[in-house]
Every structure is written in structure tokens, then in C-alpha cells.
Amino acid sequence: MSDLKTGPTPDHGKTPFPPALLSGDHWIEELHDGHHVLIRPIRAEDRERERVFIERLSPAAKHYRFLGEMRTPDERLLDLMLNVDYTNTMAFIALVHDDGELREVGVSRYAASGDSRHCECAVTVAEDWQHRGLGVALMRHLIDMARRNGFKQMFSVDAADNEPMRELAEFLGFRRSTDPDDASQVIYTRDL
């Protein structure tokens, strides 16, 4: 993780994040609507934030993210989500202040897919933070990290009717193909 670079903080006066939250590797991103989010690698202390983030997703968003039904994440899933090694597995979260608390509003992650050349990725943005450029920001950091860690190709398996993912994937240069094992799914692929 030491090779992560802290991105420039936009010069728009005071950042909404206290200095104690800005230690280590992070980026302050200005979204299309002028809001700022803190993007950084996920940490063990984000466990409850990750749980609440998933629980707040609509049933449709949970279905798109997990390709199945889910009400609340179990401890095993949370262990998996927070167990990143910064090389073969990586996750970035986006945080904002919401009524005096830090709230997770987005996450992007990848995991090696059995070799050192390919990784599977996913991105999820809270419904009230969509259409602001947050998914693009999260994915750009993820793509950059995967490239720096030597991966040559990134892919995502998604529901064929997930229109927001189709738009994001197209914008980021992913190719789309039908999943040969399941016609209700598509596979997005991007060379790194």
C-alpha cells in the first residue's frame, strides 16, 4: 500500500473532512454536483460502515451487487469484504459526512481470479449518490491499482438488465459479452 499516492485536494476552501481522517493514503474527489467525497482503501474499522451500507441498499441494488437475494450481510461475508491484501484483493470506499457521522456511499473492489493476470471487479454506489460521477471515480482508482499490481485484464459479471452498470462499463472502456453459462448475465472485460 505504500505506493498509493494521495491525490490533490481541490482548492475550494475548507475540506469537509477533519485532518485526523486524512492521514495515510486517500483522495478527496469533487463530484459533478460539487460535493466532495473521501476515497481511501477499506480498513478493518469500516466493518460496521460496510454492514450499514449494504443494509441500506434497495432490494434491486442488492440483487445487482450480489446477483441474488440478500437482506443483511452475515459475518462471513463481512470478513470477506474487509479482508484485502492490497495486491490480490483490493477495495476502496467513498465516505461523506452525514449528520455528524462518516457514511459509506460507495465501494469498488477487485479480487484475483486464480492467476496473476485477471481480476474480477465490482462497484456499488448508494442510490442517493448515483449520477454524480462517484462510480467512475471509484473505478478509476481500482483500475489504476490493478494495473500497478500487474493485472492485465479486469472483468465483471453482472445482470444483463443492470442498465447503470452497462453505462458505467461503456464509459470506462469495458467490452460487453453475453455470459455463455447464463443468458441473464453479461461479462464486461477491460484490458489494463
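An account of the accompanying structure is given in this report. The shown structure was predicted, so the numbers you read here are calculated from the model rather than taken from an experiment.

Parameters at a glance
All residue numbers refer to positions counted from 1 along the written sequence of the respective chain. Two thresholds apply to this predicted model, a pLDDT of at least 70 for residue-level local features and 80 or more for giving and counting side-chain atom pairs, whereas whole-chain, interface and lining totals are computed over all residues. Processing note: side-chain calculations cover all non-hydrogen atoms of the structure and skip hydrogens and water entirely. Nonpolar cores are built from buried Ala, Val, Leu, Ile, Met, Phe, Trp, Tyr and Cys residues. Side-chain atoms within 4.5 Å join them into one set. Think of it in three bands: with a 1.4 Å probe and only protein chains considered, a residue is buried below 20% of the maximum accessible area for its type, exposed above 50%, and partly exposed in between. Elements are defined by DSSP. Helices are runs of H or I of four residues or more, strands are runs of E of two residues or more, and each kind is numbered from the N terminus. A positive count includes Lys and Arg, and a negative count includes Asp and Glu. His and the chain ends are not counted in either. Salt bridges are identified by distance alone: a Lys or Arg side-chain nitrogen within 4 Å of an Asp or Glu carboxyl oxygen. In protein, a polar contact requires one atom able to donate a hydrogen and another able to accept it; more generally it is a pair of N or O atoms within 3.5 Å, and residues adjacent in sequence count only if both atoms are side-chain atoms. Note on contacts: a residue pair qualifies if any of its non-hydrogen atoms lie within 4.5 Å across the two residues. When DSSP finds at least two bridges between two strands, those strands are taken to pair. For every element, the axis is a line fit to its C-alpha atoms; helices are fit only across the contacting stretch, and the angle between N-to-C directions ranges from 0 to 180 degrees. Assignment of crossover handedness uses the view with strands pointing away from the viewer, where a clockwise path from the first strand over the helix to the second indicates a right-handed crossover.

### Focus on the nonpolar core
Counting residues in hydrophobic clusters, the biggest one holds 50 residues, and the most contacted among them are I39, Y110, L134, M139, M154 and F174. At nine residues, helix α4 (residues 134–148) tops the list of elements feeding residues into this core.

### Things to note about the side chain of D158
Within the secondary structure, D158 is located in strand β6 (residues 153–159). Despite its burial, D158 remains without a salt bridge, the nearest opposite charge being carried by R65 at 7.5 Å. Separated by 2.5 Å, the side chains of D158 and S156 make a polar contact. The contact partners of D158, leaving out residues within four places of it in the chain, are L67, M165, S184, Q185, V186 and Y188.

### Section: the environment of E163
Positionally, E163 belongs in helix α5 (residues 163–171). A polar contact of 2.2 Å, which involves the side chain of E163, links it to the side chain of R166.

### What about the sheet that holds β6?
A sheet is described by the order of its strands in space; here eight strands give the open sequence β1-β2-β3-β4-β5-β6-β8-β7, paired in mixed fashion. The open sheet has two edge strands, β1 (27–30) and β7 (175–178), and neither has a second partner. In this sheet, neighbouring strand axes are inclined to one another by 30° on average, regardless of whether the strands run parallel or antiparallel. Of the pairings in the sheet, the one linking strand β5 (residues 118–125) to β6 comprises three bridges and is parallel in character. Pairing of E120 across the sheet is with F155, part of β6. Of the strands in this sheet, β5, β6, β7 and β8 (185–191) touch α5, which is tilted by about 20° from β8.

### Observations concerning unusual backbone geometry
Even without being a glycine, Y86 presents a positive backbone phi close to 70°. Tracing the backbone shows Y86 in the loop between α3 (75–82) and β3 (89–98). The partly exposed category is assigned to Y86, whose relative accessible area is 23%. Despite not being glycine, D99 shows a phi value in the positive range, around 55°. Note on placement: D99 falls in the loop between β3 and β4 (101–112). On the accessibility criterion, D99 (78% relative accessible area) is exposed.

### A short note on the environment of F66
Relative to the helices and strands, F66 is located in helix α2 (residues 59–66). Sequence separation between F66 and A159 is 93 residues; the distance between their C-alpha atoms is 9.7 Å.

### Some words on the pairing of β5
By the criterion of burial, β5 is predominantly enclosed, with six of the eight residues buried. Sheet analysis places β4 next to β5, joined by seven bridges and oriented antiparallel. By the bridge assignment for β5, S108 is matched with V123. The parallel pair β5 and β6 is bridged by α4, and the resulting crossover is right-handed.

By themselves, these are just geometric observations and shouldn't be taken as functional.
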